[in-house]
Amino acid sequence: MAGDSDQTVQNHKPRKPFLIGVGGGTASGKSSVCAKIVQLLGQNEIDHHKRQVVIVSQDSFYQVLTAEQKGKAMKGQFNFDHPDAFDNELILNTLRDIVEGKTVEIPVYDFVSHSRKSETVTVYPADVVLFEGILAFYMQEIRDMFQMKLFVDTDADTRLSRRVLRDISERQRDLEQILTQYITFVKPAFEEFCLPTKKYADVIIPRGAENLVAINLIVQHIQDLLNGGLSKRQNGYLNGYTLSCKRDTSDSNSRPH
């Protein structure tokens, strides 16, 4: 039976994809959650153009900066966490093409030089598309395209420590610039633009990729979609469990931090 299931997944004819939005604050673990889902589904072992589950990142769609904006960015004085920092029209058009089953070209953004590279990444038609980003749910037109919305909820101190380590090792930035940018732009933008979108989530995942119980439930739901065995896919049911959770606005992550 396992072989039959695998063959079904491998040879399944593409249909209108199931779009899953994954939101959450900076360094909350959005990318790690998506990567874990793909890994548990065995999709990372499949050739790119045959994958049924793919990841698209909002970070790929940063606006092309003017010379003045780039100068500010190099000094850590540009707000990359504001909704206007993203090319939302391109995001919307790309997602629409994905829904129509088209092959799309995703921009590649260089966080060291703060510029969009000339090359792109090709994303082929898939059954399930994970779109992750800090403001994945901010724009209604984009938000309404997702059939499932996940919010990765991670402690603010954990997110800051991860961001510091990432920006130093991957983006060649010094500690003072990282902390100044966090206090000036990242933290206020999170509280104003990202945190309020938590209310749109169908599923909230505390602790990110460490929360294997939540991730395994989502993986099972996606596996059902791939195998065509979910009769109520549009209603958000997962093996008898409703994909929603009560949002307690009194918890620490719901207060400004």
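Residues numbered from 1 in each chain as written. Predicted model: local features only at pLDDT ≥ 70, side-chain atom pairs only at ≥ 80, totals over all residues. Heavy atoms only, no water.

**A closer look at the packing of aromatic side chains**
Selection criterion: Here is the rule: rings of Phe, Tyr and Trp (six-membered ring for Trp) pair when centre to centre is within 6.5 Å. Planes less than 30 degrees apart are stacked, more than 60 are edge-to-face, and the remainder are tilted. Secondary structure elements follow DSSP: runs of H or I no shorter than four residues count as helices, runs of E no shorter than two count as strands, and numbering proceeds from the N terminus. Relative accessibility under 20% of the residue-type maximum defines a buried residue, over 50% an exposed one, and the middle range a partly exposed one, all with a 1.4 Å probe and only protein chains included. Ring-over charges, as used throughout, are those where CZ of Arg or NZ of Lys falls within 6 Å of the ring centre and within 35 degrees of the ring normal.
For the structure shown, the criterion picks out nine aromatic pairs. Centroid distance Y62 to F111: 6.0 Å. Interplanar angle 90°. Geometry classified as edge-to-face. Residue Y62 is found in the loop between strand 2 (53-57) and helix 3 (67-74), and its partner F111 is found in the loop between strand 3 (104-110) and strand 4 (115-123); the two are separated by 49 residues along the sequence. Here Y62 and F111 have matching classes, each one buried. Every member of this aromatic cluster is reached through a ring pair, and the members are Y62, F78, F80, F86, Y109 and F111. Cation over ring: R143 sits above Y200, and NZ or CZ is 3.7 Å from the ring centre. The aromatic ring of F190 is capped on one face by R159, whose charged end is 4.2 Å from the ring centroid.

**A few points about helix 6 (residues 156-170)**
Our working definition: Helix span is expected to be 1.5 Å times the residue number reduced by one. In this analysis, two residues are considered to be in contact whenever any of their non-hydrogen atoms come within 4.5 Å of each other. Polar contact is the term for a pair of N or O atoms within 3.5 Å; when the atoms are in protein, one must be able to donate a hydrogen and the other to accept it, and sequence-neighboring residues count only if both atoms are side-chain atoms.
Between its first and last C-alpha atoms helix 6 spans 21 Å; for 15 residues at 1.5 Å apiece the expected length is 21 Å, and the two agree. Those residues of helix 6 lying buried are A156, R159, R163, V164, R166 and D167. Those residues of helix 6 hidden inside the fold are in contact with helix 7 (175-194). Taking the backbone nitrogen of D157 as reference, a side-chain oxygen 2.9 Å away marks D155 as the first, capping residue of helix 6.

**Some remarks on unusual backbone geometry**
For A27, which is not glycine, the phi torsion reads 55° and is therefore positive. Position of A27 relative to the elements: it lies in the loop between strand 1 (18-24) and helix 2 (30-40). Given the relative accessible area of 17%, A27 is considered buried. Its identity is not glycine, yet Q172 carries a phi of approximately 55°, on the positive side. Inspection of the secondary structure puts Q172 in the loop between helix 6 and helix 7.

**Description of empty space enclosed by the protein**
Applicable threshold: The pocket and cavity definitions rest on a 1 Å grid over protein atoms only: a 1.4 Å probe that fits but cannot leave marks a cavity, an open set with protein on both sides within 12 Å along at least five of seven lines marks a pocket, and residues lining either have an atom within 4 Å of a point. Grid points are joined across faces, edges and corners, and a volume is the space filled by probe spheres set on the points. Each residue gets one of three labels, nonpolar for Ala, Val, Leu, Ile, Met, Phe, Trp, Tyr, Cys and Pro, charged for Asp, Glu, Lys and Arg, and polar for the others, Gly among them.
This structure, assessed with the given rule, holds two cavities of 30 Å³ or more. The volume enclosed by the largest cavity comes to roughly 50 Å³. Looking at the lining of the largest cavity residue by residue, the class counts come to seven nonpolar, no polar and one charged. What the second largest cavity holds in volume is close to 40 Å³. Lining the second largest cavity are G25, T26, D81, I134, L135, A189, F190 and C194. Tallied by class, residues from the lining of the second largest cavity come to five nonpolar, two polar and one charged.

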